Amino acid sequence: MPDHAAEQLDQRFDVVIGGGGLAGLTLARQLRRELPEARVAVVERQRRPLPAAAHKVGESSVEISAHYFGEVLGLGAYLRSQHYVKNGLRFFPGGGRTHALQDRTEIGPPQLSKVPSFQLDRGRLENDLRGWNEADGVVMLEGYVVKDVDLAEDEGDHSVHIAAVDGGATRTLRAGYFVDAAGRRALLRGKLGLKEPSGHLANAAWWRVKGVVDLADLVPASEEAWHRRDPDHIRWFSTVHFMGPGYWLWYIPLAPGDGGEAHTSLGIVVHDEFHPFDTIRTFERALAWVERHEPRCFAQIKDLPAEDFLCLRHYSHGSRRCITPRWSLVGDAGVFADPFYSPGSDFIALANTFTTAVITARLRGGDAVALADRHERMYRQFFDATTETYRKAGPVYGSPRAMAAKVYWDDFQYWSFPCQYFFRRIHALPDGEHARFEAVARRFAALHFRAQKLLCEWARRATDEPRGGHIALPTVPSILASLHLDLEKDMSVDETHAFMLDKLELAEEVLAELALRALAALGPTLGAELAAAVDLTRWTRPSRERLAAQEVVGSKRRRMLSPVARDMERCLGRMDIHPEALPLADLVDRSFAGPAVAAPRDAEREGAAAPA
């Protein structure tokens, strides 16, 4: 800790942030940018400098967090120059035990996106954030840890008790607002008994190695067609997922520092339903797991020395409260869904932005109580629906066709509502204006819960094998690609609302098309099981025009398809049709007519959450 910071240990702060990792440091920067009069202190046990490629969760960003880091925090130029621009998310589903990589279905973007996201070297980023925050007037109390917090019951100050990690005496800070950003230590969540299960049981193990681990090295040069799909050799800039039933193995590249060496993050995620935590809980067991399930990856990484190793059992967790008028939980101290699609930093962006709004209301005048209640409601809704993306996903990871459909749906809803909600600052609207967007969120959520159930039940019954070839998501041009580009389109509040309503109507059709694809692939017997499992009697039925188009050949058929059906066919390919599934109109009539067996738990949750 710098000497001048020690002199301020007994002073009062408007905000004390307990934890100086990514969540706490970015919140401090946001507060200084948006509320410069606030006196802010960050308490962090680890002193500078952090090592390059520091062993932390959250190296990969997606659109919301990239927008937060780049635009809200003003770090866009820095991220482009000092970290890797990410080449999206790349998936190889179906399992790698018996299939060479070139024979597996590849799902991922065909080119670098115009809307950027990043692969972050967390050590470098957090070192830099500490320096910038200090220069901006944040008091950085490094080498200290928050031991306890006495929360004030009225408008008095909280007492934040801190101690030097080297054995120094405990001191007390006075804080008008306290933020727990201490990661999984979760001081307030434990103290107040706030932790609650998320309904998602999965485990992870990960480590880092020096150098670039390039997936292109897994495919012989003689497989020219596979390599021609990546003429600029940028596949390895993606977050790469090698997938099978109930698991995925990741490769994430980390940029070298000044004169330093590149690193690669390697990790395994397994769902309890398929793979016990015990199979990955040590480095030796994790490598043995890779050898069994992804042997070609094992041959590539087995001799690379691990610079660190960490594992987490049942990493997903919720919290009964995260945003209040006097304190908040941000980052892993609050909630964590799953590393798939990298939503952790999205939730940092949301929690920090909501917290900043509440603190601003407290210091500048406003109804902090009402604002905290609304932000808390939205935050929990986003979290519940985000976690639903993973609760049932284990079977889907082993099914190439269902997995491609999942990526299409998940991208569609994420770019249609959550991203637009954050990019257009809908969260900053007054209650009267905000209410209509909450209604849209509930409608998207209902569709999202249905989609995840459909994809899971489809995958449980599918017998599809991987096929060599590339499913380009988003295909350019396509509805998906346009949705992505629309993130950079400036829209008014009314225009944003109209945009979301339009996408809701399209989402209904996307879901009907997914159901049709699942039924056609499974055939009448398994299709009837699927229809009962997801209660298709409650769904929007594919139109007669859509079914009639399936019986036509040539260009006339394509002209008869709706824009959504054409787009999904362009992106996902022609649907697979079981030999006994024709005529499709009869199969659809039987499937959507019942008998219905609803899933009460999911039915109760539909409409109760907003997708993220």
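Residues numbered from 1 in each chain as written. Predicted model: local features only at pLDDT ≥ 70, side-chain atom pairs only at ≥ 80, totals over all residues. Heavy atoms only, no water.

**Section: the overall build of the protein**
Phase 1: Within the protein, the secondary structure is distributed over 21 helices and 19 strands.
Phase 2: Relative to the 2.2 N^0.38 estimate, which gives 25 Å for 612 residues, the radius of gyration of the protein is 25 Å and therefore close to what a compact globule would have.
Phase 3: For the protein, the spread of C-alpha atoms along the principal axes amounts to about 80 × 60 × 40 Å.
Phase 4: Counting over 612 residues, the protein shows a buried share of 61%.
Phase 5: Across the protein, every contact between residues at least 6 apart in sequence was considered, and the portion connecting residues at least 24 apart equals 80%.
Phase 6: When the accessible area of the protein is evaluated, it comes to approximately 22,500 Å², of which 51% is carbon and sulfur surface.
Phase 7: Across the protein, the 76 positively charged side chains and the 83 negatively charged ones have centroids separated by 2 Å. (Helix = DSSP H or I, 4+ residues; strand = E, 2+ residues; numbered from the N terminus. Rg over C-alpha atoms; globule rule 2.2 N^0.38 Å. Buried < 20%, exposed > 50% of the residue type's maximum accessible area, 1.4 Å probe, protein only. Contact = heavy atoms within 4.5 Å. Areas by Shrake-Rupley, 256 points an atom, 1.4 Å probe, with all protein chains shown as cover. Lys, Arg positive; Asp, Glu negative; His and termini not counted. Charge placed at Lys NZ, Arg CZ, Asp CG, Glu CD.)

**Section: unusual backbone geometry**
Phase 1: In this model, arginine 48 is joined to proline 49 through a cis peptide bond whose omega is 0°.
Phase 2: In this structure, proline 49 sits in the loop between strand 2 (40–44) and helix 3 (63–72).
Phase 3: In this chain, valine 476 is followed by proline 477 through a cis amide linkage whose omega measures 0°.
Phase 4: Positioned with a positive phi, alanine 186 is a non-glycine residue whose angle comes to about 45°.
Phase 5: Here alanine 186 is to be found in the loop between strand 10 (170–180) and helix 6 (187–191).
Phase 6: Among the residues examined, alanine 186 registers a relative accessible area of 5% and is labelled buried.

**Brief notes about helix 20 (residues 584–593)**
Phase 1: Residues of helix 20 that are buried include every one of Leu584, Leu587, Val588, Ser591 and Phe592, and no others. Axial view of helix 20: buried residues confined to an arc of 115°, hence all on one face.
Phase 2: Where the residues of helix 20 are buried, they touch helix 16 (493–534) and helix 17 (544–549).
Phase 3: Just downstream of helix 20, glycine 594 is the residue with a positive phi angle, here 110°. (Arc of directions from axis to C-beta.)

**Here's the deal with the confidence of the model for the protein**
Note: predicted coordinates in regions of low pLDDT should not be interpreted at a detailed level.
Phase 1: Overall, the prediction assigns the protein a mean pLDDT of 93, with 95% of residues at 70 or greater.
Phase 2: Confidence drops under a pLDDT of 50 for residues 596–601, and excluding neighbours within four residues, the segment shows 9 contacts in the predicted structure.
Phase 3: Throughout residues 607–612 the model reports pLDDT below 50, and contacts reaching past four residues in sequence, or to other chains, amount to 33 contacts. (pLDDT = per-residue confidence, 0-100.)

**Remarks on the pattern of salt bridges**
Phase 1: What the rule picks out here adds up to 46 salt bridges.
Phase 2: Measuring nitrogen to oxygen at the nearest pair gives 2.9 Å for the salt bridge that ties arginine 12 to aspartate 157. In this pair, arginine 12 sits in strand 1 (residues 12–18) while aspartate 157 sits in the loop between strand 8 (144–150) and strand 9 (158–164), placing the two residues 145 residues apart along the sequence.
Phase 3: Arginine 12 sits in the partly exposed class, given a relative accessible area of 30%. (Salt bridge = Lys/Arg side-chain N within 4 Å of Asp/Glu carboxyl O.)

**Some words on the packing of helix 11 (residues 368–391) against helix 14 (residues 431–461)**
Phase 1: At their nearest, the axes of helix 11 and helix 14 sit 10 Å apart, and the two run at 15° to each other. Here helix 14 runs roughly parallel to helix 11, going by the angle between their axes. Our pair here, helix 11 against helix 14, has a crossing hand that is left-handed. Contact residues: Arg374, Arg377, Met378, Asp384, Ala385, Glu388, Thr389 and Arg391 in helix 11; Asp431, His434, Glu438, Ala441, His448, Phe449 and Gln452 in helix 14.
Phase 2: Split into classes, the residues belonging to the contact of helix 11 with helix 14 amount to 4 nonpolar, 4 polar and 7 charged. (Axes fitted to C-alpha atoms, helices over the stretch in contact; angles between N-to-C directions. Parallel < 35°, antiparallel > 145°, perpendicular 65-115°, else oblique. Left-handed = near helix turned anticlockwise from the far one by under 90°. Nonpolar A, V, L, I, M, F, W, Y, C, P; charged D, E, K, R; others polar.)

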